[in-house]
Structures are given as C-alpha cells and as structure tokens.
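Descriptive structure summary
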Amino acid sequence: MKELREIAERNIRELLDLALKIFHKDRELARRYVDMAFRIAMKTRTRIPKEYKRLVCRKCRNLLIPGVNCRVRLQPRREPHVVVTCLNCGRIVRYLIKRRRKSSMEPLTETKS
Ligand SMILES: [Zn+2]
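Here's what I pulled together on the structure shown here. This is a predicted model, so every value here is computed, not measured.

**A closer look at the pattern of salt bridges**
When charged atoms on two side chains of opposite charge get close, those side chains can pair. Under the definition given, this model contains five salt bridges. Linking glutamate 9 and arginine 13 is a salt bridge whose minimum nitrogen-to-oxygen distance equals 3.0 Å. In this pair, glutamate 9 and arginine 13 are both assigned in helix H1 (residues 2–22), four residues apart and thus about one turn of the helix distant. Its relative accessible area of 31% is what places glutamate 9 among the partly exposed residues. Across the pair glutamate 28 and arginine 31 runs a salt bridge, and its minimum N-O distance is 3.3 Å.

Laid out in structure tokens, this is it:
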C-alpha cells in the first residue's frame, strides 16, 4: 500500500509538472492533466504535494498562473496575507504570510464565492 502511494505521488508530480509546462500552449490539456492528478490523489488517498497545492484551483482544477488566470493581492494590514482569486471560477483563497520561516504559508480561510 505504501508503495502504491509512492507511485501515485510520483505520477501526480509528473502530471502537474506537465500541466505547468503545457499551460501556455494548451490550457485545456493542462487542466486535464491537473484533473488526472487529482483523480489519482483521490483514488489512492494520496495528498497533492504541498508545493503544487497552491498552484491549482480546487474548484475548477485550473492551474493558477498569476497575471494570466488568477489575481494575487497582498493584504499587509493586520495579519499579513495573500489573497488569490481564480479568474475562471471566482474562488478566493487566502494564505497567511508568516515571516521568517520560508515554507510557512498555510491556508487561512477558503471563501466560497
Ligand atoms: Zn477556479
């Protein structure tokens, strides 16, 4: 079972890498790769690797490329956070920015639109 998940994770990474590479040429194909990656993840109960999680809109399963199909806003007031809006489906995701630690951007809230 552990082995299966390792294979699944490798496949997920490969699919998402491929999606990123092909995005500028063929967005629909990229979306299909993302969809496949998510399906593998669900079927095998494997988590989407952290570094990819934020690149994908979990509602419409499009890659989120700043300046292309998502809007990224920094909110410096109070708790500094980043607001990412998917321009395909309007989903808004907020991430807290914690200083110092590098990989410390955790999802704060996910707001349904
Ligand atoms: Zn979306």
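Here the narrative resumes.
**Structural notes on the coordination of the zinc ion**
On the protein side, the zinc ion has Cys57 (SG), Cys60 (SG), Cys86 (SG) and Cys89 (SG) as donor atoms, found 2.2 to 2.3 Å from it. Geometry at the zinc ion is tetrahedral, judged from the four donor atoms that bind it and their angles of 103 to 115 degrees at the metal. Counting the intervening residues between successive donors of the zinc ion yields the motif C-x2-C-x25-C-x2-C.

Criteria and cut-off values
Residues numbered from 1 in each chain as written. Predicted model: local features only at pLDDT ≥ 70, side-chain atom pairs only at ≥ 80, totals over all residues. Heavy atoms only, no water. Salt bridge = Lys/Arg side-chain N within 4 Å of Asp/Glu carboxyl O. Helix = DSSP H or I, 4+ residues; strand = E, 2+ residues; numbered from the N terminus. Buried < 20%, exposed > 50% of the residue type's maximum accessible area, 1.4 Å probe, protein only. Donors = N, O, S within 2.8 Å, 3.2 Å for Na, K, Ca; no water. Tetrahedral: all angles 85-135°; square planar, octahedral: opposite > 155°, others 65-115°.

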